[in-house]
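# Fold and contact review
The residues making up each chain are set out below.
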Amino acid sequence: MTLVFTLCSVNYLAQAHTLGDSLREQNPDFEYIIGLVDKLDTKDIDKSKLPDYQLLEVDKINIPDFAGMCDRYDITELNTAVKPYYFDYFLKNRTDITNIIYFDPDIIVFDKLSHLTKNLAENNIVVTPHMTTPYNDTKWQSEEDIINTGIYNFGFVAIKRSDEAQKMVTWWCDKLEKECKIDLCNGLFVDQHWAEFFPVYFDKVFIDKHLGNNVAYWNLHERFCSFAENRWVINGNIPLQFFHYSGYLIAKPNEVSKYQNRINFEERTDIVPLFELYRNQLLANNELYWKNFKCDYIKPKKVQRLVRVRKYAKMPLEKLASLIEKL
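This section reports on the structure supplied with the text.

Conventions adopted
Residues numbered from 1 in each chain as written. Predicted model: local features only at pLDDT ≥ 70, side-chain atom pairs only at ≥ 80, totals over all residues. Heavy atoms only, no water. Helix = DSSP H or I, 4+ residues; strand = E, 2+ residues; numbered from the N terminus. Rg over C-alpha atoms; globule rule 2.2 N^0.38 Å. Buried < 20%, exposed > 50% of the residue type's maximum accessible area, 1.4 Å probe, protein only. Contact = heavy atoms within 4.5 Å. Lys, Arg positive; Asp, Glu negative; His and termini not counted. Charge placed at Lys NZ, Arg CZ, Asp CG, Glu CD. Axes fitted to C-alpha atoms, helices over the stretch in contact; angles between N-to-C directions. Parallel < 35°, antiparallel > 145°, perpendicular 65-115°, else oblique. Left-handed = near helix turned anticlockwise from the far one by under 90°. Nonpolar A, V, L, I, M, F, W, Y, C, P; charged D, E, K, R; others polar. Core = buried A, V, L, I, M, F, W, Y, C linked by side-chain atoms within 4.5 Å. Pairing = 2+ DSSP bridges. Patch = residues over 30% accessible without salt bridge, like charges linked within 9 Å, V, L, I, M, F, W, Y side chains within 5 Å. Areas by Shrake-Rupley, 256 points an atom, 1.4 Å probe, with all protein chains shown as cover. Salt bridge = Lys/Arg side-chain N within 4 Å of Asp/Glu carboxyl O. Phe/Tyr/Trp six-rings, centres within 6.5 Å; stacked < 30°, edge-to-face > 60°. Disulfide = S-S within 2.5 Å.

### Quick look at the overall build of the protein chain
- Looking only at helices and strands, one finds 13 helices and 14 strands in the protein chain.
- Taking 2.2 N^0.38 as the reference for a compact globule, 327 residues should give roughly 20 Å; the C-alpha atoms of the protein chain span a radius of gyration of 19 Å, in line with that estimate.
- Taken along its principal axes, the extent of the C-alpha atoms in the protein chain is 55 × 45 × 45 Å.
- Across the 327 residues in the protein chain, those meeting the buried criterion constitute 55%.
- The long-range fraction of contacts in the protein chain, counting pairs at least 24 apart against all pairs at least 6 apart in sequence, stands at 75%.
- Separation between the mean location of the 40 positive side-chain charges and that of the 46 negative ones in the protein chain comes to 4 Å.

Next up, the structure:
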C-alpha cells in the first residue's frame, strides 16, 4: 500500500486540497494525509471549507523538542523541518504501508504514478534533480542559484519501507532538528543540502531523471508541455507525472513564479493552460479564505523574518552580494 502526505499550515490548505484532489483522480488507491503544522481548535474556522482528507496535526506525532524548533524556525523552516519526523511516524505507526511519498502542497499530479512505484520496488529512496541539462543563459534562476539551494528538489521524495530508509529518516531527523535554516552564508537552505547526502550515505537511492517528474520553472528550459490524446505530455511523448507550481501566487496571475525571471507566459504559451487550471482549482478550494490565517506556532518576529528572507531570496545573487558588501 502507498501513502502520500504533504505538509502545510492552515494558510496553505487550498494547495493541499488541490494536491489531494489530483491524487484522488489519478491514483485512487493511494492514501492521502495532510500533515498540518498548525492548530485548528484555536481558529474560528468554517469547517465546511475543510478538505475532505485526513488532517494529522503536528502535535499528534510527538516530535522531541518541538517547542524548541518553533523558537528556532520561521514558518518555511518549520514546515520543512518536520518532514522526516512525519516519515518516521508513518514507518513506526503504519505497518500496513509499503511506500511513503512526500509532495509539497503546491503540486498537481497528472498521471498514474506507476513509474514511481516501479522504481520504489527496486530502490529504497527516490529523489529528483532540479534539472538534467545545463542552462545556457544568464537568467535567474541560474546554475549558481541551484548550487546554493540544492541539486535535488525535495518538494518530492519517496521511500520504500526498509531498514535503509529508516536509517536515512533517523539521520535526517537529527539534522533537521536544529539545522533546517535558510542561511545561505553558512551553506544551509532548509533540508535541501542535507538531503544531497542520501546517495552517498545510503544504499539504493535512485536519482529519477524522468522528464515528467517535478516539472517546474527551474527545468522548463528542457521540457515543453502539450496536451495530446486526453493527457499532458512533455516533449511530445513523455507523460507529465506531476507539476510543481513553486512560487506561484493567484494575486499575481501573470507571473509564473516569484522566485525567478527565467520563464514567462508570453514566451511559454504551452504552460498557460496548466496555470489556468491551477488557479481555478485553488479558487474552487477556497484559497482566498485560507491564505490569511496565521500559523499558531510562529511568533510575530518570525513572520517578519520570513518577509525579509523572501525579499532577499528573490534577488539575483549579484544584487544580493552588492547589498551585503555595503553592510
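### Overview of the packing of helix α1 (residues 13-26) against helix α10 (residues 272-284)
- Packing of α1 against α10 leaves a shortest axis separation of 9 Å and a crossing angle of 115°. The angle between the axes of α1 and α10 places the two elements in the roughly perpendicular class. The two elements α1 and α10 meet at a crossing, and its hand is right-handed. Residues A14, Q15, T18 and D21 of α1 lie in contact with α10, whose contacting residues are Y278, Q281 and L282.
- Along the lines of polarity and charge, the residues of the contact of α1 with α10 split into three nonpolar, three polar and one charged.

### Some words on the nonpolar core
- Among the nonpolar cores identified, the biggest contains 55 residues, and I101, F103, F243, Y245, L274 and F275 are the most heavily contacted of them.
- In terms of residues, this core owes the most to one element, α1, which gives five residues.
- Setting aside its immediate chain neighbours within four residues, I101 contacts T2, L3, V4, F5, F30, L116, L120, F156, V157 and A158.

### Here we look at the side chain of N219
- On the secondary structure map, N219 appears in the loop between β10 (205-207) and β11 (225-228).
- A relative accessible area of 0% means that N219 is categorised as buried.
- Discounting residues that sit within four places of it in the chain, N219 has contacts with H130, M131 and N214.

### Concerning the sheet that holds strand β7 (residues 156-160)
- Strand order in the open sheet made by the seven strands is β3-β2-β1-β4-β7-β6-β10, with mixed pairing throughout. Edge strands, defined here as strands with exactly one partner in the open sheet, are β3 (54-57) and β10. Taken pair by pair, the neighbouring strands of this sheet meet at an average axis angle of 20°, ignoring direction.
- Where strand β6 (residues 125-127) meets β7, two bridges bridge the pair, whose relative direction is antiparallel. Its bridge partner being in β7, V126 is matched across the sheet by A158.
- Contacts from helix α5 (residues 114-122) reach β1 (2-8), β4 (99-103), β6, β7 and β10 within the one sheet, and its direction differs from that of β7 by about 45°.
- Across the sheet, helix α7 (residues 163-176) lies against β6 and β7, angled at about 135° from β7, the strand it touches most.

### Observations regarding a nonpolar patch on the surface
- Together, F197, V200 and Y201 line one region of the surface with nonpolar side chains, adding up to about 290 Å² of accessible area.
- Its place among the elements puts F197 in the loop between α8 (192-195) and α9 (198-201).

### Here we look at the packing of aromatic side chains
- Here the structure, examined in full by the defined rule, presents 36 aromatic pairs.
- Ring centres of Y86 and F90 lie 6.2 Å apart, and the angle between their planes is 50°; on these two criteria the pair is classed as tilted. Here Y86 and its partner F90 are both found in helix α4 (residues 83-93), four residues apart, which amounts to about one turn of the helix.
- For Y86, a relative accessible area of 0% translates into the label buried.

### A look at the sheet that holds β11
- Spatial ordering of the open sheet is given by β11-β12-β13, a layout of three strands whose pairing is antiparallel. The open sheet has two edge strands, β11 and β13 (238-239), and neither has a second partner.
- Of the pairings in the sheet, the one linking strand β12 (residues 231-234) to β13 comprises two bridges and is antiparallel in character. Following the sheet pairing, I234 is matched in β13 by I238.

### Observations regarding unusual backbone geometry
- Phi angles above zero are rare outside glycine, and N62 is one such case at about 55°.
- Judged by its relative accessible area of 63%, N62 falls in the exposed class.
- With a phi close to 45°, V190 is a non-glycine residue in the positive phi region.

### Here's the deal with the packing of α4 against α7
- Packing of α4 against α7 brings their axes to within 8 Å, and their N-to-C directions diverge by 145°. Here α4 and α7 pass one another in a crossing that is left-handed. Mapping the contact onto sequence places K83, P84, Y85, F87, D88, L91 and K92 in α4 and Q166, V169, W172, C173 and L176 in α7.
- A breakdown of the residues in the contact of α4 with α7 according to their chemical character gives eight nonpolar, one polar and three charged.

### Some remarks on the state of the cysteines
- Overall, the coordinates contain zero disulfides when judged by the stated rule.
- Looking at C180, it has no disulfide partner, and the nearest cysteine sulfur is the one in C173, 11 Å off.
- According to the relative accessible area criterion, C180 is buried, its value standing at 0%.
- Free cysteine C185: the closest other cysteine sulfur is in C180, separated by 17 Å.

Bear in mind that shape data such as this cannot, by itself, settle questions of function.
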